[in-house]
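# Remarks on the overall topology
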Amino acid sequence: MNTKRTLLKTVAAAAFASLAMGSALAADITGAGATFPFPIYAKWAEAYKKETGIGLNYQSIGSSGGLRQIRAKTVAFGASDAPVAGDVLEKDGMVQFPAIIGGTVPVFNVDGFAQGEMRITGPVLAEMFMGTVSKWNDPKIAALNPGKTLPDQVITVVHRADGSGTTFNWTDYLSAVSKPWADSVGKGAAVKWPAATSVGGKGNEGVAANVTRIKGSVGYVEYAYAKKNNIPYMSLQNKDGKFVRPDDKTFAAAAAGVDWFSVPGMGVSMVNAAGADAWPVSTASFILMYKNPEDKAQSAEVLKFFDWAFKNGQKMALELDYVPLPDKLTADIRSKVWSQIAK
C-alpha cells in the first residue's frame, strides 16, 4: 500500500513538474522579423532570462517575414526596420514603436585599405549598385581615394535576397542622394537590383558572409555584423559634406533632431540627416504589436521585456554600437503607445 502511495506521489510530482515546465515555456516571448537588431535582442534576451527566467524566441527572418508572422498572429510581436505607414497600422489594428537605433554601412572586399579608409559618396555608391560604375579602379572611386591603388576588378554587388527593412533603408538613402537611382530603382524592402554582376544573401548574416567570400564585392549590412565579422567598411560623405565613419556617436548625431511623433506610427526616416557628425544611413528598428491581442498575457510579457531593456539595456546596446533610446522617448512610448494596448 505504501509503495502504491509513493508511486502515486511520484506520478503526481512528475505531472506537476511537467505542467510547471509547460507554463514556463508558455511564458517565453515570441517574436520575428528584422535581422538588423538581432544581435542586441539576443544580448538583451540572455540577460533578461538570467534575471527573470523568461526567454525570448526571436526568429531573425527579415522585416517582411516579421510582418507576415505578426499578421498571421503566430508571434506576439513583429520587428521591422521599414516602418509601417500609419493608415496601414490603423487598418491592421496595430501600434508601432522604435526599440533601438543603429546604422547600415557599405562593406567591401578589396585589399589594401585599413578599416574606414576607403572614401565614397552617396551618388558614386548608387552608381556602383546600379552597375554604371562597374570596376574598382573607376576614375570616380579613384578621385575620392588619391594615392591608393585600386584593382582593375569587376565590382560584384551583394544585396539581400529576402524582403528586408535594411534594404528599405539602404534604398531609401540611395534614392535620397541619387536621382538616377530614385527614377530607375526606387526604394522598398525588395527591389529589382540593376547591376549585371550581383548576388543575393539571406539576412544581414548572408550578405556579410558573401562579402567576406567574394573578392571585389560591395554590400550593405547593419554595423554590428561588420564589426563582429571584421569586414572592411567605407567612410561615407554625409549631407554636410563631411566624411564620417559609422559608430554609436555618428548614429546618435543623425537621431538628434528626430521628431518621433511627427508622423503616425513614429515611422520617421533618418536617412541623409543633417549634422556634421551624422551617419547618413542611420535608422531605427521598430516593434509591431496588436492593440487588442488575442493572448493578452503574452503581449504583457513583451512590454515587460522592452520596459526592462529600455531601463537596463543601454550599456549592452552601446557595446554593440547601437544607440539606446533616450529616457524621455521611452517614457513617451509607454504613455502614448503602450497605453493603447489592451491589458
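Residues numbered from 1 in each chain as written. Predicted model: local features only at pLDDT ≥ 70, side-chain atom pairs only at ≥ 80, totals over all residues. Heavy atoms only, no water.

### What to know about unusual backbone geometry
- Even without being a glycine, K73 presents a positive backbone phi close to 60°.
- Within the secondary structure, K73 is located in the loop between α3 (63–71) and β3 (77–80).
- Accessibility expressed as a relative area gives 44% for K73, which makes it partly exposed. (Helix = DSSP H or I, 4+ residues; strand = E, 2+ residues; numbered from the N terminus. Buried < 20%, exposed > 50% of the residue type's maximum accessible area, 1.4 Å probe, protein only.)

### So, the sheet that holds strand β10 (residues 243–244)
- Sheet architecture is open: 3 strands sit in the order β5-β9-β10, paired in mixed fashion. The open sheet is flanked by β5 (119–120) and β10, the only strands paired with a single partner. (Pairing = 2+ DSSP bridges.)

### Focus on the pairing of strand β1 (residues 29–33)
- Counting buried positions over the 5 residues of β1 gives 4, a clear majority of the element.
- Taken together, the 5 bridges between β1 and strand β2 (residues 56–60) define a ladder with parallel strand orientation. For T30, the partnering residue across the bridge sits in β2 and is N57.
- In this fold, the crossover linking β1 to β2 by way of helix α2 (residues 38–52) has right-handed handedness. (Right-handed = clockwise from strand over helix to strand, strands pointing away.)

### Regarding the pattern of salt bridges
- Going through the model one piece at a time under the given rule, you end up with 17 salt bridges.
- Across the pair R334 and D307 runs a salt bridge whose closest N-O atoms are separated by 2.6 Å. On the criterion of sequence distance, the pair formed by R334 in helix α14 (residues 327–336) and D307 in helix α12 (residues 296–312) is long-range, its members being 27 residues apart.
- When its relative accessible area of 18% is taken as the criterion, D307 is described as buried.
- Taken together, the salt bridges that share partners define one network made up of K43, K315 and E319. (Salt bridge = Lys/Arg side-chain N within 4 Å of Asp/Glu carboxyl O.)

Everything listed here is a matter of geometry and, on its own, says nothing about what the molecule does.
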